[in-house]
Structures are given as structure tokens and as C-alpha cells.
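Observations on the three-dimensional arrangement
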Amino acid sequence: MTNISSNNNQLIYLVYGPDAAYHAEARFSILSAFYRAKAKKDFEITVYTDAPLYYEGLPVQVNALSSETLEQWYGSLRYHHRAKLCLLQHAVPLAAKTVFIDTDTFFLRDPALIFAAVDEKTCLADELYDSKLPTLTASNNEVAALLDQYGINPQKIPVINSGLFGIARSNSAVLDMALALNDAVYPASNRSNTTEQLVLGMAASTKTALVADDAVIKHYWSRKQIFRAKAFAFLEKHGVNWDSGIARDDFLQVSPVLPKPPAVVRTLAKLMALLVAKSERQFFLELFYGRYPYSNPFDRACHAVWQQKAVDNYLEKIKPASANNDKLLNSAVAKVFLGKTCIEKTIGRINAAGE
């Protein structure tokens, strides 16, 4: 692993595993940072990954991770998100300020703004939530001792979403504390998958103030497939030609909101939905959103995802075997509302789910 000491700022990504979708997410996020940056010298981008080839041709430094390094970072508890804490522990001393960012993100504003929010007294997180530690201290002496040692009140812990986390080099000790807390809290929490976020918030709050991102990024952990469809359509269209005026203009069309028809059209659709059973109205509306001819090409790229999500939501309420698909989707209302192609694809999806 290459270490480059710098007084500059660094934006870092951690991407590993066999799923190519996460690497595609990361590529789009990186390009968004590049497109939004007003001054490219304000920060450097570094990707830590076990698959460096995905990042060839991008304006980034790539640090290859071996399987041995990843195994070491997972630790004896085999907690994969522990790798984020270990990466931060490694990388934070290398730059004046470090911002870690998840792959399922893209920039809405200049990345320099997130670095400006970080200083010796302040750490930056994606989101902050009011919470308290689950019932751990009464049953786990090691956790209780650590909380007492670090002066952490288990009834008042700033829980963070660490999809974005910014920290200054002067606060490197926060990561040592977070790892110590992680290795005690993870087994005591029944191996909660969000332990990494909990302990990072705990540790940062003991030494700094925590603030939330001021809408500099879109973190699409919710409705992931919709925003993936937008990002992947952009990558498929521009590929290696990402550094062009056309690509930059197209990027501005990748909006941070769910694709929906205009308000007037939505109102008419809701009125039409009153003609079907109440239990089926949401299903029809979501299918309609999934076939509306959006003018934005990246919203149109979400058609299949919208339709599949509509089917998934519908089948959560109605078992596939009991769904009367012929009556539901071959009605006159459906034919006007959805169209032949959408109906045929929907019936296929429902039938596939019931097999």
C-alpha cells in the first residue's frame, strides 16, 4: 500500500468485494467530485480497493488492497465494516484533513465545502441522530469500563450516518478510540451491522463537535436501485469519454430526487387510481411512475427499477398465488393507465416471483 504524506486534503473511498455494482457507484461518485470541484488542487482523491482496474483512467490515486490486509482489518470478529475504521486509522495521519465517503453518493456542490466544515474542533458526518446506546453496559463489563474510561454517557450518544465522515489529522486518536470501542461493542450488540457508525460517533464526540453535511452530497442508501440506475446509465453512455463537455452537461441532468411525473399528471393519475380497489392504488401509481415518458434520459433509465419495486411492494401485501393478475392488469383501467408493454412486463415479474 502506497503512503503519500501531504498537507493537502484527501477524499478517500474504500471499495472491495466481487460485486461490480459498488465499483460503478464509486466511479460515478468520483466523477461527480471532479465535475463539481471548482479548484482541482483543493484536494486529492484516493481509492483503496482490491480491484484497481476499475479505476484506470480516472483522476485518482489507487492503493491496492491485498486479501491479507482486508482480513486483518475485518479482525477476529469478521466484521467487514471494521475495515472502514482501520482505513481511517491508516489514512487520517497522511493529510491535513480527510473525508471518507461511501460509494453510494454523488456530489451536489463543490467538495471544498466539506473540507471547509472540518477543523481541529469539528468532525463532519453525513447525518446526526439523537439516540442512546442499546442495553449493553449492564451485561458487558468491558463496554461499561471503556465508556467510563472515555467519559461517554451511554444515555446520550450522537449516532451518525458515516456515509460521509470528515476529520482533521490532529484528531487521529479518535480512530484508535473507535477501534477499541468497536471490538468491545460489536460482540455485545449481537453483532449489529451498524456498530462502526455507533462507535465512530461516540469517539468523535469525546474530542470534537459533530456537525452534519450541509447538502453537499446525495447519499442514496434509501432507494438505492433508483439512483444506481441513473448513475449506471450515465457511465454506460460516457464510459472512457467522461472528461468532455457533453459528459459534464449530462451529469447536471442526474438529479438527486426520485423521478416523478409533473404535479398535474400525478393528480390525474391519482384520480384514475380511484377506479381500482384501494389495496391496488399504490401499485398502479408506482407502475405508472415506472412507465411515464420522462424528458430526462436518466429518469427514463429508472423505468425497470420503478416497475420492479412496484411489484415487490405489491407482493409484500398480497401473496403471488392469491393475486388475480388477469383481473387486475387486464382491466380497462389498467390498459389505459399503464399500456400493453408495462402490463406484459408486470405480469412476467409477478409470475416469476411466484415460481
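First, a word on scope: everything that follows refers to the structure included in this document. Bear in mind that the values here come from a model prediction, so they are computed numbers and not experimental data.

Moving on: the packing of aromatic side chains. This model, assessed by the stated rule, comprises 22 aromatic pairs. Taking the centre distance of 5.1 Å and the plane angle of 45° together, the rings of Tyr35 and Phe251 count as tilted. Of this pair, Tyr35 sits in helix H1 (residues 20–36) while Phe251 sits in helix H9 (residues 245–251), placing them 216 residues apart in sequence. On the basis of relative accessibility, which here comes to 11%, the residue Tyr35 falls in the buried class. Residue Phe251 is classed as buried on the basis of its relative accessible area of 2%. Put simply, the rings of Phe28, Phe34, Tyr35, Phe106, Tyr220, Phe227, Phe234, Trp242, Phe251 and Phe298 touch in pairs and so form one group of aromatic residues.

This part takes up the layout of surface pockets. Here the largest pocket defines a volume of roughly 580 Å³. Along the walls of the largest pocket sit 23 residues, with Tyr22, His81, Lys84, Asp102 and Asp104 positioned nearest its centre. Only strand E1 (9–15), H1, helix H3 (82–91), strand E7 (157–168) and helix H7 (195–207) provide two or more residues apiece to the lining of the largest pocket. Residue contributions to the lining of the largest pocket peak at 3 residues, all from E7.

On the surface, Val264, Leu268, Leu271 and Leu274 cluster together into a nonpolar patch covering about 410 Å² of accessible area. Relative to the helices and strands, Val264 resides in helix H10 (residues 263–273).

Evaluation of the coordinates by the stated rule reveals 11 salt bridges. For Lys224, the salt bridge is made with Glu25, and the minimal N-O distance between the two is 3.2 Å. Here Glu25 lies in helix H1 and Lys224 lies in helix H8 (residues 224–238), a separation of 199 residues in the sequence. The salt bridge involving Arg109 is made with Asp214; its shortest N-O contact spans 3.9 Å. Linking Arg109 in the loop between strand E5 (105–107) and helix H4 (112–116) with Asp214 in the loop between strand E8 (209–212) and strand E9 (217–219), this pair joins segments that are 105 residues apart in sequence. A relative accessible area of 33% means that Arg109 is categorised as partly exposed. For Asp214, a relative accessible area of 55% translates into the label exposed. The structure contains a network of salt bridges with shared partners spanning Glu25, Asp104, Lys224 and Arg228.

Calculation criteria
Residues numbered from 1 in each chain as written. Predicted model: local features only at pLDDT ≥ 70, side-chain atom pairs only at ≥ 80, totals over all residues. Heavy atoms only, no water. Phe/Tyr/Trp six-rings, centres within 6.5 Å; stacked < 30°, edge-to-face > 60°. Helix = DSSP H or I, 4+ residues; strand = E, 2+ residues; numbered from the N terminus. Buried < 20%, exposed > 50% of the residue type's maximum accessible area, 1.4 Å probe, protein only. 1 Å grid on protein atoms, 1.4 Å probe; cavity = no way out; pocket = protein on both sides within 12 Å on 5 of 7 lines; lining within 4 Å. Points joined across faces, edges and corners; volume = space filled by probe spheres on them. Patch = residues over 30% accessible without salt bridge, like charges linked within 9 Å, V, L, I, M, F, W, Y side chains within 5 Å. Areas by Shrake-Rupley, 256 points an atom, 1.4 Å probe, with all protein chains shown as cover. Salt bridge = Lys/Arg side-chain N within 4 Å of Asp/Glu carboxyl O.

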